[in-house]
Amino acid sequence: MTHGLSSKCSDPDFEATTARQHAYDVEAAAKQHRSPAAAAPNVTVHIHSSSQERSWSLAPPSLSSIKDRSRITASTAAILAGVMYSISSAALTLLNKKVLVHYDYTAVHALLCFHCLLAVVLVQGCRLAGWAQVEPLSIEIIRLWMPVNCIFVAMLATNFYALKLVGVGMVSVLKNLSNLFIICGDYVLFGRTYSWHVWVCLVLMAGSVVAGGATDVQFTWHGYAWQMANNVFTAGYALYLSRVTERVSSATPEHKPLNQMSMCYYNNMLSIPLTLVLVLLHGEVWGFWQQQALYQPSFQLLAVLGGLFGFVLSFSSIWFVSLTTATFYSLVGSFNKVTVAAAGIIYFNEQSGVRNLASIAAGLLAGTLLPFIKMRTAHKAAEKAKAAAGRVAGGKS
């Protein structure tokens, strides 16, 4: 998303663009050990991203200094992408909360449209400067991508609605339930199954939400309902996105997978007319100019910073998950939620009792444990695949 999010390509914490990829960690690990390269002296690491599978050779320096330098470069890039993602995600959530609450700003759809427009300008600026390549829009791409954008805009709008009514701490916990919807969607739509450890974490997440809501002195049905709707749209976005990117890549001139900037450009460019419709439906055309906050320099600065951090988040999230794994991305995002929740409770002086804080801590803990469990499951699957490959090779010999 805040996690979301303004100009991000996913959920306020951008869980949307990669959340479904968590389900494929086991397959990616197994594929690595089934690959002929797995038996070679040099180790090849396969990283599955939303658009393609990348690999880097991790050969010892003595065998290839060039390959070793490439490994170091990839590691440095992953660290840089992770830092950019963490900072921009946390900053965006806190900035949006500040803008929506402190300034009593109500024209949220106009702000969302501004963020999308700013992201488009920044993407085009990067393209003109030669820093990025962007696949041009076509009628076929618009036809394929527009359903994604409808879900995308709904996800961002509901995130704004929830963030305005619910405290940052509880928003962070409530967002964990998007994992429940994604996993249930994978089970119903694709027949994927998960270990009991995963379901225990999901039950703990759900329990923490119930306990947190019961002890939340700022509880509001509208705010919680909007956040649950946001979770549904986040799950739908994640489940639908990976399939669309494959179909859209076939519609590009060279039939190549979409890069980060192209996806960011499509999301934000096609979101502008949709957000303008929301502006008209909510009567913000005239109400926008009557917003007192609009004429305050501090609000203008925060609004621009929100758009800038949204753009950085939309790019760094996809970049980070393409350089590491979806599970590691999820783990960093879970730790980031802890930081955001703590900072939000302190900075906005949110009233939270001991029981409410305990519920928030339990939910964040469950969200942090889930990626660890997936890592463990992927590791076991990889070991089984390796053992099976060894038995097949032994039988042939």
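A quick note: this is a predicted structure, and the numbers were derived from the prediction, not measured. (Residues numbered from 1 in each chain as written. Predicted model: local features only at pLDDT ≥ 70, side-chain atom pairs only at ≥ 80, totals over all residues. Heavy atoms only, no water.)

What follows concerns the overall build of the protein chain. Along its length, the protein chain carries 14 helices and two strands. Evaluated residue by residue, the protein chain yields a buried proportion of 52% over its 397 residues. As presented, the protein chain carries roughly 17900 Å² of accessible surface, and 68% of it is formed by carbon and sulfur atoms. (Helix = DSSP H or I, 4+ residues; strand = E, 2+ residues; numbered from the N terminus. Buried < 20%, exposed > 50% of the residue type's maximum accessible area, 1.4 Å probe, protein only. Areas by Shrake-Rupley, 256 points an atom, 1.4 Å probe, with all protein chains shown as cover.)

The subject of this paragraph is the packing of aromatic side chains. This model, assessed by the stated rule, comprises ten aromatic pairs. Here the aromatic rings of Tyr 103 and Phe 299 are separated by 5.4 Å at their centres, their planes lie at 70°, and the arrangement is edge-to-face. Taken as a pair, Tyr 103 in the loop between α3 (65-102) and α4 (108-128) and Phe 299 in helix α12 (residues 297-323) lie far apart in primary sequence, 196 residues in all. Phe 299 matches Tyr 103 in its accessibility class, with the two residues each being buried. Within the aromatic cluster, the residues linked to one another by ring pairs are Tyr 103, Tyr 105 and Phe 299. (Phe/Tyr/Trp six-rings, centres within 6.5 Å; stacked < 30°, edge-to-face > 60°.)

A separate point is the packing of α4 against helix α5 (residues 139-165). Close contact between α4 and α5 brings their axes to 10 Å; oriented N to C, the two are set at 130°. Relative to α5, the element α4 is oriented oblique. Taken as a pair, α4 and α5 cross one another with a handedness that is right-handed. The segment α4 lies against α5, with Val 108, His 109, Leu 111, Leu 112 and His 115 engaging Val 153, Leu 156, Ala 157, Phe 160 and Tyr 161. For the contact of α4 with α5, the per-class residue count stands at eight nonpolar, two polar and no charged. (Axes fitted to C-alpha atoms, helices over the stretch in contact; angles between N-to-C directions. Parallel < 35°, antiparallel > 145°, perpendicular 65-115°, else oblique. Left-handed = near helix turned anticlockwise from the far one by under 90°. Contact = heavy atoms within 4.5 Å. Nonpolar A, V, L, I, M, F, W, Y, C, P; charged D, E, K, R; others polar.)

A side chain of one charge can pair with a side chain of the opposite charge when the charged atoms of the two come close. With the rule as written, the count across this model stands at one salt bridge. Measuring nitrogen to oxygen at the nearest pair gives 2.6 Å for the salt bridge that ties Arg 143 to Glu 140. Within this pair, Arg 143 and its partner Glu 140 are both found in helix α5, separated by three residues, close to a single helical turn. (Salt bridge = Lys/Arg side-chain N within 4 Å of Asp/Glu carboxyl O.)

Glancing now at the side chain of Ser 359. Summarising the element assignment, Ser 359 is placed in helix α14 (residues 354-396). If we skip the residues at most four places from it in the chain, Ser 359 touches Ser 208, Ala 211, Gly 212 and Thr 215.

If you check helix α8 (residues 196-214), its first and last C-alpha atoms are 27 Å apart, about what 19 residues at 1.5 Å a residue would give, namely 27 Å. Listed as buried for α8 are Val 198, Cys 201, Leu 202, Met 205, Ser 208, Val 209, Gly 212 and Gly 213. The buried side chains of α8 occupy one side of the element, clustering within an arc of 125° when seen end-on. Exposed residues pointing more than 90 degrees away from the buried face of α8 are listed as Trp 196, Val 203, Val 210 and Ala 214. (Expected span 1.5 Å × (residues − 1). Arc of directions from axis to C-beta.)

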